[in-house]
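As a plain string of letters, each chain reads:
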Amino acid sequence: MNHKRIGVLIAAAALAFAACGGGATSSPSAATTGPTGETPAPTEEAGQPKDGGTLIVALPGDITRTDSALIDDSNSSYVMNQVMEGLIALEPGSTSKIRPALAESWDTSADGLTYTFHLRQGVKFHDGTDVDAAAVKFNYDRWLNFPTELQDYSYYAGAVFGGYGDTANVASVDAVDPATVKITLRTPNSAFLLTQTLTVFGIASPTALKAGHADNAELDITKIDYAQGGPTAMVGTGPFKFSEWKVGE
């Protein structure tokens, strides 16, 4: 595969925009008619989804690392948003309207302390690992309990959760059943759902995180495979897969 100036190659797993609401095509009544008055047959270029292909994107700078939980810059966030997905996301063009992502629906308790997320069924990470409640809990437990050595790099998680471990505002994360995750706060936070749309809360494959030694506090962050573009780095559920990162390219 050719090297691209983006510095990070993300290969299209399937550009199934229709599944994301972006592949709508014109109805026959809205189509332009030909010289004989007949409606031309729709073509692939007219909006039909197409698998594969190459998308080249130029960024103003390099990314910082390949662990979405350990970034705080827009260049990294742009790339991560093509590969990683959270439980919920923002509607395109909106900074406040929330839509389903890995969670197809959610409930909030009357006291504003408990959020129950109902996961989509049959979703898998790019490495084939199932996206289930255990995988989601693994990610949240990870963010809540980052080793001290990594906490400076996980600024957003610490800020949103109000700290780590027992000092965090998240009291518990429970896998109620394979398709249900319950997050309980210590005090209400009206912005909690909105914060969960941030890139740093993209759900990663637990299999990949473990294989890439993502939380090895004995290693300098520059030596952690998962954060530095190793073989298992950036494994999410988005429309693109991470392929490689050549620093400075």
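Refer to the structure above for everything that follows.
S.K.: A description of the sheet that holds strand β7 (residues 180–185) should follow, citing residues and the corresponding values.
M.R.: Across a sheet, paired strands are connected by hydrogen bonds in the backbone, their directions being either parallel or antiparallel. Strand order in the open sheet formed by four strands is β4-β5-β7-β6, with antiparallel pairing between adjacent strands. The sheet is open, and its two edges are formed by β4 (103–108) and β6 (170–177), each paired on a single side. Sheet twist, expressed as the average angle between the axes of neighbouring strands with direction ignored, equals 20°. In the sheet, β4 pairs with strand β5 (residues 114–119) via five bridges, with the strands oriented antiparallel. Across the sheet, D107 pairs through a bridge with T116, a residue of β5. Helix α2 (residues 133–144) contacts β5, β6 and β7 of the sheet and is inclined by roughly 165° relative to β6.

S.K.: I'd love a proper account of the environment of V200, names of residues and values included.
M.R.: Take V200: it is sitting in the loop between α5 (192–195) and α6 (206–211). Taking C-alpha positions, V200 is 9.5 Å from Y155, a pair spaced 45 residues apart along the chain. Residues within four places of V200 in sequence aside, it is in contact with S68, A69, I71, W143 and Y156.

S.K.: Mind laying out the packing of aromatic side chains, listing which residues take part and the relevant values?
M.R.: Summed over the entire model, instances satisfying the criterion amount to six aromatic pairs. Residues Y155 and Y156 carry aromatic rings whose centres are separated by 5.3 Å and whose planes lie at 70° to one another, so their mutual orientation is edge-to-face. Of the residues examined, Y155 reaches a relative accessible area of 51% and is grouped as exposed. When the centroid spacing of 5.4 Å and the interplanar angle of 45° are considered together, the rings of F161 and F201 count as tilted. Here F201 lies in the loop between α5 and α6 and F161 lies in helix α4 (residues 155–161), a separation of 40 residues in the sequence. Exposure class is identical for F161 and F201. Each is buried. Taken together, the ring pairs connect Y140, W143, F161 and F201 into an aromatic cluster.

Thresholds, definitions, all that
- Residues numbered from 1 in each chain as written.
- Predicted model: local features only at pLDDT ≥ 70, side-chain atom pairs only at ≥ 80, totals over all residues.
- Heavy atoms only, no water.
- Pairing = 2+ DSSP bridges.
- Helix = DSSP H or I, 4+ residues; strand = E, 2+ residues; numbered from the N terminus.
- Axes fitted to C-alpha atoms, helices over the stretch in contact; angles between N-to-C directions.
- Contact = heavy atoms within 4.5 Å.
- Phe/Tyr/Trp six-rings, centres within 6.5 Å; stacked < 30°, edge-to-face > 60°.
- Buried < 20%, exposed > 50% of the residue type's maximum accessible area, 1.4 Å probe, protein only.

These figures capture arrangement, not role.
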